[in-house]
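Here is what each chain is made of, one letter per residue.
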Amino acid sequence: MDPFSITTGVLGITGFALSSINNIRSLIDGLQEAKDVLQDVTSNLEAIQHPLSALKDLQIPDSTTYDETKKDLEKTGVAEAVNNCGQACAEFTKKLEQWTKHSSATKLSLRDRLTAGMWNKEKIQTFRTQVSSCRAIVQFAIGSAQLVILIRSENTSTTAREETKKQLLVLDNSIKENTELIKRKQDETLQRKKELESPEDEDEDGGAQRTLAIQETEQQSRVLEAEQTASKAVSKIIAKLTIPQVTNAYNNYFSGTNSGIQVGHSTGTINWTSSRT
C-alpha cells in the first residue's frame, strides 16, 4: 500500500494564504527600501514556506498514524495561523503597492512611510508579530509531526528511533525558550500600550493616531497569545511520547544559511530560528 500524505489543503490552509505569502516576499525583495527595513519579515516568510513545502513529502505508513497526525496538526492551529498570516500579507502588499505607485522626490519616501508615525510603527510591528508567530507555529507543528511519524513507524530502526527522540527533546527545549521569548514580547507590548495611554503631550489630531496605535498593540497581544496556545499544543503532542534523558552531547547539522535546529530526515529540511522582532 502506498504511504499516506497530508497536504496544506487537507489541513484547511488556503491557496490564497500561500500565494499571498509568496507575493509579498517577492514584492519586498524587489523594493530595496522595503527590503532594508523589513529584512526580518522576508527571512520569516522564507522560514514559513520551507516546512509547508516539506509537509507534502511526509510519508505516513498507515491510516491510524495519518488520522492521529492530522488531528495533532489541527490542534496546533497551524491552518489558522497560516491563513491569518496570508491575509495580513495581502493587506500589507496593498499598502506597499499604494505607497510606491506615485513615488517622487516631493513625496514621502517608502522608508519614511515604513518608519514614521506612531500608528505606522505599531501597524508594522503587528505585521512583524503576525509573520514571526506564524513562522514559529508552522515550524513547531510540522517539525513535531515529522518526528512523531518517524517514531510511530514500524520500519524505523531502533537507532533511528532513539536519535529521533533526542531531536524531540531538542524541539521541546526550543519551545520552552520560545515561551520565554513570547513572555518578553508580551511585556514589551504592554509597556508600549501603557506609554501610548499616558501621553506626555497633547496630540494635534485629537489622539486619533494614538488610539489606532493602542489598538495595534492589543492585536499584537492577541497574536502572541495564539502563538503561546499553539506552542502548548505542540508540547502536549511531544509529551505523549516517552523521551529519554540525553546526557551525552548531541550534534545538530544545518543546511543552507539558516540557523536553528533541524528536525527531519529524508522528508525535507525544517529549520527552527528564533526571532526577536
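Let me sum up the structure you'll find in this document. (Residues numbered from 1 in each chain as written. Predicted model: local features only at pLDDT ≥ 70, side-chain atom pairs only at ≥ 80, totals over all residues. Heavy atoms only, no water.)

Here we look at the packing of helix 5 (residues 63-75) against helix 8 (residues 118-152)
Short version of the rule: For every element, the axis is a line fit to its C-alpha atoms; helices are fit only across the contacting stretch, and the angle between N-to-C directions ranges from 0 to 180 degrees. We count a stretch as a helix when DSSP gives it H or I for four or more residues in a row; a strand needs E for two or more, and each element gets its number in order from the N terminus. Should an angle lie under 35 degrees it is considered roughly parallel, over 145 roughly antiparallel, and from 65 to 115 roughly perpendicular; all remaining angles are considered oblique. By convention the crossing between two helices is left-handed if the near helix lies anticlockwise of the far one by an angle smaller than a right angle, and right-handed if it lies clockwise. In this analysis, two residues are considered to be in contact whenever any of their non-hydrogen atoms come within 4.5 Å of each other. Gly counts as polar in this scheme, as do all residues outside two lists: the nonpolar Ala, Val, Leu, Ile, Met, Phe, Trp, Tyr, Cys and Pro, and the charged Asp, Glu, Lys and Arg.
At a minimum axis separation of 10 Å, helix 5 and helix 8 run at an interaxial angle of 160 degrees. By the angle between their axes, helix 5 is roughly antiparallel relative to helix 8. In the crossing of helix 5 with helix 8, the sense of the turn from one axis to the other is right-handed. Of the residues in helix 8, those in contact with Thr 65, Glu 68, Thr 69, Asp 72 and Leu 73 of helix 5 are Ala 141, Ile 142, Ala 145, Ile 149 and Arg 152. For the contact of helix 5 with helix 8, the class distribution of residues is 5 nonpolar, 2 polar and 3 charged.

Quick notes on the pattern of salt bridges
Where side chains of opposite charge bring their charged atoms close, a pairing between them can arise. Note the threshold: Here a salt bridge means any side-chain nitrogen of Lys or Arg lying within 4 Å of a carboxyl oxygen belonging to Asp or Glu. With a 1.4 Å probe rolled over the protein chains alone, any residue whose accessible area is under 20% of its type maximum counts as buried; one over 50% counts as exposed, and the rest are partly exposed.
Scanning all chains against the criterion turns up 8 salt bridges. Between Arg 192 and Glu 122 there is a salt bridge, with the nearest N and O atoms lying 2.9 Å from each other. Note that Arg 192 is positioned in helix 9 (residues 158-197) and Glu 122 in helix 8, a separation of 70 residues in sequence. Between Asp 187 and Lys 183 there is a salt bridge, and its shortest N-O distance comes to 3.4 Å. You can see Asp 187 and its partner Lys 183 sitting in helix 9, 4 residues apart, about one turn around the helix. Classification of Asp 187 as partly exposed rests on a relative accessible area of 43%.

Things to note about the packing of helix 4 (residues 39-55) against helix 8
Where helix 4 contacts helix 8, the two axes come as close as 9 Å, and the packing angle between them is 30 degrees. One finds that helix 4 runs roughly parallel with respect to helix 8. In the crossing of helix 4 with helix 8, the sense of the turn from one axis to the other is left-handed. Contacts between helix 4 and helix 8 involve Asp 40, Val 41, Asn 44, Leu 45, Ala 47, Ile 48, Pro 51, Leu 52 and Leu 55 from the former and Phe 127, Arg 128, Val 131, Ser 132, Cys 134, Arg 135, Val 138, Gln 139 and Ile 142 from the latter.

Here we look at the state of the cysteines
The following threshold applies: Working definition: a disulfide is two cysteine sulfur atoms within 2.5 Å of each other.
For the structure on display, the rule yields 0 disulfides. The structure places no disulfide on Cys 89, whose sulfur is separated from the nearest cysteine sulfur, that of Cys 85, by 4.1 Å.

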